[in-house]
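# Chain and residue survey
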Amino acid sequence: MSKVSPAKPRAVRPRRALLVALAVAGTLVVGHADAAELNVVAWCDHQDPNTFEPFEKANDVKVNVKSYEGTGTLVSYIQQSTPGDWDIVSVDSVDIIKLAKAGLLEPLEEGAYPLDDIYPEIFMPESETLDGKRYGIPEKFGYNALAYNSKNVDADEIKDLNALLDPKYKDRIAIYDYYFTAIQTAALMNGIEPDEINAENMPKIAETLKKLKANAKLFGDIPTVQTALATGDVDIVFGGAEFLVAGMGDTKPELTWLLPEQGGLRWQSSIGIFEGSKQKDLAKKFVEWTLSPEGQARFAQSSCYWGMPGNKKAGPLISDEAKARLQWEEQPAYLERSYAYTATDPELDKLMVETWAELQQD
Amino acid sequence: MRKGLWPTLYLFPASALFVLFFVLPLAAMIWMSFYQQQGFVLGTEATLANYLNFFSKPYYLQALWNSLWMGMVVTGISLLIAYPLAYILSFHASATWQRIGIMVCMLPFWTSYVVRSYSWLLALSNNGVVSQAADSIGFFPAVGLANTTAATIIGFVHFFVMLLSLTIFSSLVRIPRSYIRAAQDLGAGWPSVFTRIIWPLSLPGVIAGVMLTFVLTLGDYVTPQILGGGKELVLTQVIMLQVQRQGNFPMAGAINLVLMAISIAVTLIANRAISKASR
Amino acid sequence: MSRGLHLQGIEKRLGQQDVLRGIDLTAASGSYVVLLGPSGSGKTTLLNIVAGFEEADQGLVMIDDEDVGGLPPRLRPTATVFQDYALFPHMSVADNVGFGLRMHGLGKAERDRQVAEVLALVDLASFADRRIDQLSGGQRQRVAVARSLVVRPKVLLLDEPLGALDLSLRRQMQRELRILQKKSGTTFLHVTHDQEEAMSLADLLVVMNGGRIEDAGPPDRIFDSPASLFAATFVGENNVLRGRITSRAKTGTVIETALGPVKVQSEAPEGDEVYVTVRPNRLRLATPGSRAKHFLRGTVEEVTFLGTYYGLRVRTEVAPDMAFHVHSDDRTPPEPGAEIAVTAEPSAFSIIAAKAS
């Protein structure tokens, strides 16, 4: 505690009060410009203070994180801001290229970051680089597979995705309502790889989804499917994995996940620096911290959701218990069996959106 | 001159806020709805495409129908429960019980929408209190109510019964008791007293409550999103999908304006009906 | 004449309070009965008991010699005109008036005919399609009466029906009510606290106080020789003196009062302690120098112009704690401060036994 300063006369002079009020209001409006703050726009896992506390202390800086729930929301935040409002972005790896093409991102010096320690499988050159320059580095990944309640469901039975169409699972399934991963997973059930999806085979995929819907209890966003699984309303979440259940391991150890035989989708987030940032050195330090083994170990176990750290060297800093929840040992096999999100051309994306909308409203 | 000017000046902060936080965003939304989202930017040509899209795609129309259907069902059920409640409260309760009743009716307004919805989700889930209770009585199969349209209706009805009770109660207590005495005195039995005196005179409160219930049900996103299970989307959920998944603000704006038009129409009709009923 | 309304031994308690005590009342069919009393006197409760809105704890309510006690209001041969009229605001004049007929199952044609008839009776024939809020206070009052009359009640109950009207309209409506009552031949039971209204309307005036009937009879009888001190003071202005009877004789009774002996003509009641009352209009200013025996001598305190007469307030030396009221139709009344003498005929006095109050 600092020394208590002697009490000052309390008479408030009107003009002074007005100036103070204006100054406070001004701070609220232009707060982003304060040099001692770093502004991050990211998925909610970056919001956990535990992930950046050491960075704040080491650099005497305050980290502000604004979270978004979908790339659409991110777009609106960026559209409403002016250059310099944001320093750091964390986004689906596949979407880095969109930001880079819009001229929003700063090229990253490859030598400055531990790229060699990162799982080589999760780099996405076609999405993270443009004209030979790198704009994003993968920081975290996980899967869209099956989350389930091991008390009520036998993993051996559902490791084949088509088992989900069995009437015995009627009303026991929740579908995570991200059209992109759901359609691609349904494609895998038909032996169609994600990059093979087209207008011709879409009806077949839609047919599978329809059957799946008939067995499903509900469609929902992450909180909804998570709640349904946790409350016992459903036993399986189609599209779920570690990001849904690993964080609940302390209280609900029976909730776990698997990557099916047919494989699954792999989500990845990448980190980048905004071109308009006015404190690029600090931003660079933040990226370095986030990718460091220490930062990665913390980030993997963020309170909002867990995921695999991109940096393999985080391993020794993560407990065996946590590793088990992340299914650490299986990663080489999982990486091989999974498909990273891909950029779809606008026509196909539109078709997928409409297919999904029709399915959900059917 | 001075006298004429000052009141206008006093109004300025309120009008400025109104323009800044209501008129401008609304104008922006209307303007935007006539453009198309192309990646990160808006198209350059004004077009009706978003609206045409809305009225030609079955899933949008289905969502519209789901919303209207939800509004009607919720309003209907809420009215059936709220009217008798308000009636008992205004005619058969002491002043103390009336105060308690009104307090109870106000309670839902003090709790967060989100918290209320999640409470219902937990109560209705397989391990929840409602399901357990229903199960132990063997009364009805409440198991599995969470994440269904029925759950959305329950969540809505819980809230709107209270709202409707208040509006109906406010109409009922204002009916002079001498009207009822006069009707009885002139030979009316209870059914006639109700149908010819009480019901017509409570109509302003009924219509106001019905209008509020319908419009608020139509415009609510949280309750169906948390409780509904997502197998039958309402219009607000479709709007949010456009925003969150697609980042398609123009389309979201267009759908929203359709929703607004319906709400405004319902409000206008209700206002006319109220002024007619209370004339 | 049959007994249109007969009440016997009506008692009503509310909690600890006696609202009505031992009410006995008989009114001939077709008479205009007015219940007069201050608020809290029980008159409205009595009306409600006749209407059936409230039940008496004890006692008999008979209408045309039929016991109606225990019947709900809708089955009683009564109809009520409420203080606020209780006209249904969502119905037209005609629908309001036709309501009772409709409840009694009359067809539309017959209903319309009777409604038109009664509206003509109250001079509102052309107002049938008006809404209630388009009517003046007096018109509303007439609609309320028409609505109740049209069901042909044996007793029409009126609860302060003129209370909401301004004075001139009230006087006019009094006349109209009186005419309507005669035309319809219905027994009217009318509650009011306005004694002028009561006197101008009533065939049978019933003065109530504290849950009891203080006096009942024709208004002129009650005015001239009230049966109780309350009736004497509540109905019209009065001068009251307490006194003792000192001699009883055929030619008159002499009473010793604070003003000295007063000779009165009325028959003396039993007991010696009495009140002597004399109306201000029965007192005369003695002509200066007159040798006639005066009733009192005093100083004029205040002179009030009241149109057809002047009201004088007079104070005497012998009873300085009492003020006396004297009416003078002399166009040049005494000035305040003037010493005057006042005389009265023995017939001007009336006596009330002190016990009765």
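Use the structure listed above.
To start, this report covers the structure provided alongside it. (Residues numbered from 1 in each chain as written. Chains lettered and ligands numbered in written order. Predicted model: local features only at pLDDT ≥ 70, side-chain atom pairs only at ≥ 80, totals over all residues. Heavy atoms only, no water.)

## Some words on the overall build of chain A
Counting its secondary structure elements, chain A contains 15 helices and 14 strands. Relative to its length of 362 residues, chain A is compact, with a C-alpha radius of gyration of 23 Å against a globular reference of 21 Å. With the C-alpha coordinates of chain A rotated into their principal frame, the extents come out at 75 × 45 × 45 Å. Burial analysis of chain A (362 residues in total) assigns 56% to the buried set. Relative to all contacts within chain A whose residues are 6 or more apart in sequence, the contacts with residues 24 or more apart total 76%. Accessible area of chain A: about 16200 Å², with a carbon and sulfur share of 53%. Charged side chains in chain A number 37 positive and 56 negative. The centres of these two groups are separated by 9 Å. (Helix = DSSP H or I, 4+ residues; strand = E, 2+ residues; numbered from the N terminus. Rg over C-alpha atoms; globule rule 2.2 N^0.38 Å. Buried < 20%, exposed > 50% of the residue type's maximum accessible area, 1.4 Å probe, protein only. Contact = heavy atoms within 4.5 Å. Areas by Shrake-Rupley, 256 points an atom, 1.4 Å probe, with all protein chains shown as cover. Lys, Arg positive; Asp, Glu negative; His and termini not counted. Charge placed at Lys NZ, Arg CZ, Asp CG, Glu CD.)

## Focus: the state of the cysteines
What is meant by a disulfide is a covalent connection between two cysteines, made through their sulfur atoms. Residues and elements named next belong to chain A. Inspection of the entire model under this criterion finds one disulfide over all chains. Here Cys 44 is linked by a disulfide to Cys 304, with a sulfur-sulfur distance of 1.8 Å. Because the torsion about its S-S bond is -70 degrees, the bridge between Cys 44 and Cys 304 counts as left-handed. Placement of Cys 44 in the loop between strand E1 (37-42) and helix H2 (53-59) and of Cys 304 in the loop between helix H12 (293-300) and strand E13 (308-309) is noted, with a sequence separation of 260 residues between them. (Disulfide = S-S within 2.5 Å.)

## Considerations on the sheet that holds strand E9 (residues 204-209) of chain C
Residues and elements named next belong to chain C. Spatial strand order, E6-E7-E8-E3-E9-E10: six strands in an open sheet with mixed pairing. Each having just a single partner strand, strand E6 (78-81) and strand E10 (212-217) make up the two edges of the open sheet. Each strand axis lies, on average, 20 degrees off the axis of its neighbour in the sheet, ignoring direction. Where E9 lies against E10, five bridges are found, and the strand directions are antiparallel. Note on E10: the bridge partner recorded for Val 206 is Ala 216. Each of strand E3 (32-36), strand E7 (155-159) and strand E8 (187-192) is contacted by helix H5 (residues 167-184), which is oriented at about 155 degrees to E8, the strand it contacts most. (Pairing = 2+ DSSP bridges. Axes fitted to C-alpha atoms, helices over the stretch in contact; angles between N-to-C directions.)

## Topic: the interface of chain C and chain B
One frequently used descriptor of interface size is the decrease in accessible area upon assembly of the parts. Contact residues are listed per partner, giving 25 residues for chain C and 18 residues for chain B. Overall, the association of chain C and chain B removes approximately 1900 Å² of surface from exposure, summing both partners, and the carbon and sulfur fraction of that is 63%. Considering only the surface of chain C that becomes buried against chain B, Arg 74, His 90 and Met 103 of chain C emerge as the three largest contributors, covering 28% of it. At the surface where chain C touches chain B, the tally comes to zero salt bridges. Run the count over chain C and chain B and you get four residue pairs in polar contact (both at pLDDT 80 or more). Breaking the side of chain C that touches chain B down by element, the ones donating at least two residues are E6, helix H2 (93-103) and helix H4 (137-149) of chain C. A per-class count over the side of chain C that touches chain B returns twelve nonpolar, seven polar and six charged. (Buried area = accessible area lost by both parts, 1.4 Å probe. Salt bridge = Lys/Arg side-chain N within 4 Å of Asp/Glu carboxyl O. Polar contact = N/O pair within 3.5 Å; in protein donor to acceptor, adjacent residues only side chain to side chain. Nonpolar A, V, L, I, M, F, W, Y, C, P; charged D, E, K, R; others polar.)

## Re the packing of helix H2 (residues 49-56) of chain B against helix H3 (residues 58-91) of chain B
All names here are of chain B. Running from amino to carboxyl end, H2 crosses H3 at an angle of 75 degrees, the nearest separation of the two axes being 5 Å. Relative to H3, H2 is oriented roughly perpendicular. Between H2 and H3, the contacting residues are Asn 53, Phe 54, Phe 55 and Ser 56 on the first element and Pro 58, Tyr 60, Leu 61 and Leu 64 on the second. Considered class by class, the residues forming the contact of H2 with H3 number six nonpolar, two polar and no charged. (Parallel < 35°, antiparallel > 145°, perpendicular 65-115°, else oblique.)

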